[in-house]
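# Summary of structural features
Residues per chain, in single letters:
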Amino acid sequence: MKTLILEPGWIWDAQAGLRSGRFVVVRDGRIADVTTQRPTLDAERISLPESLLLPGFVNLHNHAFSAPLFRGLADDIAEGELPGDIVYSLLMPLGDIAAEVLDAEAIGDVAEMALLETLKGGSTTIMDVWRLQQAPFIERGRRLGLRTYSCPYLFSTPKMDMGPDGRPVTAPETAETGFDRVMELFAEYDEGPRGRTRIGFGPHGLDTCTPELLIRIRDVVDDIGCPLTIHAAQSQVELDIVRARYGKSPIEHIRDLGLLRPGTVLAHCVMATDAELAMIRDHGAAVASCPYAFSRFGVAVPFARFLEAGINLGVGTDGVGLDMVAELRAAALLAKVQAGRGGIASGEAMLRAATAAGAAAIGREDLGTLAVGATADLLLFDLSGARYQPVWNPLQALLTNGVAADLHTMLVDGKPLIRDRRVQGVDEAAVVRRGAAAIRRVWDAARRLGRVPAGIAARMA
């Protein structure tokens, strides 16, 4: 029975707030005690007098594989440079090429490189949406020790294309939606409601999945209790398509399909009205917001409205920087500018979104907290450096001045994945070398095939 004692300067969770002079005892993967008396147990200790101990970040929406795949290609896009919405004119086509060019081992190498970056960014739990060809993600996440909620994409057609008008082209549902493959992955890998590896469904969106497919997913989620996430109200293109087909908005459509409910994680919702946000709140669904990703396209995520709507609001990195500290800072600054009030999006509010709210969204009351008996997914940030000193409030210090590189210790299920700022048991240089080489093969193929717009292809050095 291995015991670890953490001796930070401060601890924080959404339930009890900020506290100093606390000692946290971890045993058998759980928090065994939180006490004001220094334990006299004969145990390993991590003592950092100017550090902040937090519950692990729940990254509620991510596309880890996409981060290196699109790195530098989806930035600084000028007006008219793409023939249509970026999802269908750049992101989907490049994903198709990756599926054609890379074998399972190379796909795993890219996934591992991205997951390594995600881990170092403070995410202990990741809800990740990926194409079915990227299933090696599961084993690579296990290898690193992360808590992963894998929700593979499903579409009503096996392959997405874009018409001359820049809109997605879909056809009636076929037999090859990927549904059966997700069920196979669930049977093979899912570890149950309290497991470290979960498998669920990630239907792409209301514009790319037929009602029949979504109802089928709804029914099996009811039956087996697996995770579910879906993009919703993320673009004007989506709104136009859904309204033209069904005579309603995406949020109304998902409500009428019986999927607006606790356990459903809606990604983005940047186009949702105030009335629709109230609908989401009242039906108990959660929203995963990723302001950093949308901001680079010139789209302002309405984070201030999300906060004020009282919805269960989580945060994700959406396959861009994969750094939750940077994502929380971007979200907070955006909300302050939108509201015109510096007091909105406080450190407490942002950390709540990244911990307790994210945990609630996936039905894990044992995560996102420092309560006795909770699962020991923990982050210890070293605040002794010049960028933090002197520390007035450690939460503000981290979110205003902090960097993920100051993550001293990360525990998942009580096991150190990062110790003394170093990822444990991983040859980082080798992981990066293999992953980067695989991505360059995709870029070379995309340039050779002329499958991405010329202006974008010219950036593929």
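Summary of the structure given here. Since this is a predicted model, take the numbers as computed values, not measurements. (Residues numbered from 1 in each chain as written. Predicted model: local features only at pLDDT ≥ 70, side-chain atom pairs only at ≥ 80, totals over all residues. Heavy atoms only, no water.)

## Some points on the packing of helix H5 (residues 179-189) against helix H6 (residues 211-224)
Packed helices, taken two at a time, are described by the angle their axes make and the gap between the axes. As a reminder of what qualifies: Interaxial angles span 0 to 180 degrees and are taken between N-to-C directions of axes, which are lines fitted to C-alpha atoms, for helices over the stretch in contact. Starting at the N terminus, helices and strands are each numbered in turn, a helix being any DSSP run of H or I of at least four residues and a strand any DSSP run of E of at least two. Each angle receives one of four descriptions, namely roughly parallel if under 35 degrees, roughly antiparallel if over 145, roughly perpendicular if within 65 to 115, and oblique otherwise. Each crossing gets its handedness from the near helix: less than a right angle anticlockwise from the far helix is left-handed, clockwise is right-handed. Residue contacts follow a heavy-atom distance rule, with two residues in contact if any of their heavy atoms lie within 4.5 Å. Residues are grouped as follows: nonpolar covers Ala, Val, Leu, Ile, Met, Phe, Trp, Tyr, Cys and Pro; charged covers Asp, Glu, Lys and Arg; every other residue, Gly included, is treated as polar.
Packing of H5 against H6 leaves a shortest axis separation of 12 Å and a crossing angle of 15 degrees. Classified by the angle between their axes, H5 and H6 sit roughly parallel to one another. The hand of the H5/H6 crossing is right-handed. Residues Phe179, Asp180, Met183 and Phe186 of H5 form the contact with H6, whose own contacting residues are Arg216, Ile217, Val220 and Ile224. For the contact of H5 with H6, the residue count by class is six nonpolar, no polar and two charged.

## Here's the deal with the pairing of strand S6 (residues 57-62)
Just so we agree on the cut-off: Between buried and exposed lies partly exposed: a residue is buried under 20% and exposed over 50% of the maximum accessible area for its type, with that area taken using a 1.4 Å probe on protein chains only. At least two DSSP bridges between two strands are needed for those strands to be called paired.
In terms of burial, S6 is a largely internal element, six of the six residues being buried. Sheet topology places S6 next to strand S7 (residues 123-128); four bridges connect them, and they run parallel. Paired with Phe57 across the strands is Ser123, a residue of S7.

## Describing the pattern of salt bridges
Let me state the cut-off plainly: Only one rule defines a salt bridge in this text: a Lys or Arg side-chain nitrogen within 4 Å of an Asp or Glu carboxyl oxygen.
Counting across every chain of the model gives 33 salt bridges. Residue Glu105 is joined to Arg140 by a salt bridge in which the shortest nitrogen-to-oxygen separation is 3.3 Å. Remark: Arg140 occurs in helix H4 (residues 136-144) and Glu105 occurs in helix H3 (residues 104-120); sequence separation between them is 35 residues. Among the ionic pairs, Asp406 bridges to Arg387, the shortest N-O distance being 3.9 Å. Placement of Asp406 in the loop between helix H15 (394-401) and strand S19 (407-412) and of Arg387 in the loop between strand S18 (378-382) and H15 is noted, with a sequence separation of 19 residues between them. Note on Arg387: relative accessible area 43%, which makes it partly exposed. Here the residues in one salt-bridge network are Glu105, Asp109, Glu112, Arg140, Arg143 and Arg434, joined through shared partners.

## Re the sheet that holds strand S15 (residues 264-268)
Two modes of strand pairing occur in sheets, parallel and antiparallel, and in both the strands are linked by backbone hydrogen bonds. Spatial ordering of the open sheet is given by S14-S15-S16-S17, a layout of four strands whose pairing is parallel. The open sheet has two edge strands, strand S14 (228-232) and strand S17 (312-315), and neither has a second partner. Recorded for the sheet is a direction-independent mean angle of 30 degrees between the axes of neighbouring strands. In this structure, strand S16 (residues 286-289) lies alongside S17, joined through four bridges in parallel fashion. Its bridge partner being in S17, Ala286 is matched across the sheet by Asn312.

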